Every structure is written in C-alpha cells, then in structure tokens.
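Survey of secondary and tertiary structure
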Amino acid sequence: VYHQMRGDRQASRELAEEIARLAKSAEEEFIAWVVLGSTAFWEGAMEDARIAMERAMAIYRPDLHRVIAQSFGDDACILPNCYHFFILWFLGRPDEAVRKVEETHQIVRGLPSPFIRVAFFHFEMLVWRELRRPGEVRRVAEQYLALTREQRNPLYAALASCGYGWASMHCGEVESGLAQLQTGLEDLKALGARLPLIYYTTLLIDVY
C-alpha cells in the first residue's frame, strides 16, 4: 500500500506477486487477489483488475472481516466490491457500476467498521464524479468528510475535500469550491500521496 500510494508501480507489483506466491489460507488468498487487483487497477489493466477482484469476492465470507482485521491490522473485505464498481465504469458499463454501488451499500450498512464506510464513500464519490453528477458527489462527500474528520484520517479527509470542492464548484459555489479543492491537493502533497494526487489534479483542471 505504501509503494502503491506513492506511485511506485514496479515495487507494488513485485510485492503483490510475492503476496500471491506466499498465500496459503483463505484469508491470505483473499488479500492476495485484492492486492493483485488494486495493483492492476492503478496500472490501467482494468480487465485483469476485474478478474482479480471477482476472485476475491468469490472467496469472501462474513467471518473474514474479523480474521483479516486481527491478522493484518486492516479490514479490507469491502475493497473488492468498491474497486469492482469503479472498474465496471472504466470498462464502459456504467449501469452495472451503479447497480454494484447499491449492492455494496447494502453490505456496508450491516458492518460496524468506520474504515469500511470511508472506503465505500471514497469509491462511490469517484463513480458519481465520473458520471458527472455533482449533486450526488456532494451528498456523498459531505458524509465522507464528516466521517474522516471524526476518525482523524488525514489521507481520506484530503480526498474527500477534493471531491467536495469539485462538486461545490459545479453547484455554483466556485470560489469556496476551488479553495477546498486546493486545500485537499496541498494535503495530499504533504502526505506524499502521489498516486491520488495525479487523479485529483484533473479535478482542478476541470474547475479552471
């Protein structure tokens, strides 16, 4: 994740492949498909990403949440679903992407983890942005931003600020939206999160 967020694609690919080689148990195989899928996604290999995330979802079972959280210090069980609906959009299947958002929302509602809700809000916000629906982006970004501040998560707070700023601009609040977007981008720079910085800079281009 460290190398992935910094945009070090070669290092993240090598580590993802090593995780896949070492995986033995169901939870380890699940993590392996998630990291292979997310690595493929950020490399632009959307079909490979789709296949990997669908294999991860096929392994999923409810008790994996506790096992993965205790074993890896992270609760990544919802990530294949979140990546999947964004991947569907990139593959030119927007109707399926929206249906997948709704399906995933139903799963998230039954889970207690704030991290899971934050991850869901992040990807849902991106899908609505790509579908050019700023009202939906703003609705999600408001919940997303509130939760990241409550949980004191600076990375996701920066991402939420970017989305909220973009949506505000499209809703007619140009100056305040621009200021919020610029704040989010500066925070991403300070965190060293190069990978999302590239994507969210395109929002600034759009605003200008």
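Everything that follows concerns the structure shown earlier in this document.
Throughout what follows, the structure given in this document is the object of discussion. (Residues numbered from 1 in each chain as written. Predicted model: local features only at pLDDT ≥ 70, side-chain atom pairs only at ≥ 80, totals over all residues. Heavy atoms only, no water.)

Some details on the packing of aromatic side chains
Test applied: The pairing test for Phe, Tyr and Trp rings, Trp by its six-membered ring, is centres within 6.5 Å, and the orientation test on the planes gives stacked under 30 degrees, edge-to-face over 60, and tilted for anything in between. Type-normalised accessible area, obtained with a 1.4 Å probe on protein chains alone, sets the label of each residue: buried when under 20%, exposed when over 50%, and partly exposed for intermediate values.
As enumerated under the stated definition, the model contains 13 aromatic pairs in all. Consider the rings of F120 and F121, whose centres lie 6.2 Å apart with planes at 50 degrees: the pair is tilted. The pair formed by F120 and F121 is uniform in burial state, with each residue classed as buried. Taken together, F41, W42, Y83, F86, W89, F90 and F123 form an aromatic cluster joined through their ring pairs.

So, the environment of Y208
The following threshold applies: Comment: elements are numbered from the N terminus, with helices defined as DSSP H or I runs of at least four residues and strands as E runs of at least two. Contacts are assigned to residue pairs with any non-hydrogen atoms lying within 4.5 Å of each other.
With respect to the helices, strands and loops of the structure, Y208 is situated in the segment after α12 (194-207). Sequence separation between Y208 and L178 is 30 residues, and the spatial gap between their C-alpha atoms is 8.6 Å. Y208 has contacts with L178 and Q182, leaving out every residue within four places of it along the chain.

Things to note about the nonpolar core
Selection rule: Throughout this description, the term nonpolar core refers to a set of buried Ala, Val, Leu, Ile, Met, Phe, Trp, Tyr and Cys residues connected via side-chain atoms within 4.5 Å.
With 59 residues, the main nonpolar core has Y144, L185, L188 and Y200 as its most contacted residues. Of the residues forming this core, the biggest block, 10 residues, is contributed by helix α8 (residues 114-130). Contact partners of L185, with chain neighbours within four places excluded, come to C162, L197, Y200, T201 and L204.

Let's talk about α8
The test is simple: Expected span of a helix, by definition, is 1.5 Å for each gap between consecutive residues, and there is one gap fewer than residues.
Given a rise of 1.5 Å per residue, 17 residues ought to cover 24 Å, and the 25 Å separating the end C-alpha atoms of α8 matches this to within 8%. Burial within α8 is extensive, with 14 of its 17 residues counted as buried. One or two steps after α8, the chain reaches R132, where phi turns positive at roughly 60 degrees.

Thoughts on unusual backbone geometry
Its identity as a non-glycine residue notwithstanding, R132 has a phi of 60 degrees, on the positive side. Position of R132 relative to the elements: it lies in the loop between α8 and α9 (134-151). We classify R132 as partly exposed; its relative accessible area is 44%. In this model, R152 sits at a positive phi of 55 degrees, which is unusual for a non-glycine residue. Positionally, R152 belongs in the loop between α9 and α10 (154-170). A residue is classified by how much of its surface remains accessible, and R152, at 76% relative accessible area, is exposed.

A word on the environment of A158
Mapped onto the elements of the fold, A158 is located in helix α10. Counting along the chain gives 28 residues from A158 to E186, while the straight-line C-alpha distance between them is 8.4 Å. In this structure A158 touches G184, D187 and L188, once residues within four positions along its chain are discounted.

What about the pattern of salt bridges?
Threshold: Salt bridge, as used here, is a side-chain nitrogen of Lys or Arg placed within 4 Å of a carboxyl oxygen of Asp or Glu.
Taken as a whole, this structure holds 13 salt bridges when the rule is applied. Between E54 and R50 there is a salt bridge, with the nearest N and O atoms lying 2.7 Å from each other. On the criterion of helical spacing, the pair formed by E54 and R50 is a turn pair, its members being 4 residues apart in helix α4 (residues 46-59). Classification of E54 as partly exposed rests on a relative accessible area of 30%. Of the charged contacts, one joins R132 and D206 as a salt bridge, the two residues approaching to 3.1 Å between their closest N and O atoms. Of this pair, R132 sits in the loop between α8 and α9 while D206 is found in helix α12, placing the two residues 74 residues apart along the sequence. Each of the salt bridges in this network shares a partner with another, and the network as a whole consists of R129, E130, R132 and D206.

Here we look at the state of the cysteines
Test applied: Any two cysteine sulfur atoms within 2.5 Å of one another count as a disulfide.
Following the criterion strictly, the structure yields 0 disulfides and no others. Looking at the unpaired C162, the closest cysteine sulfur is the one in C171, lying at 16 Å.

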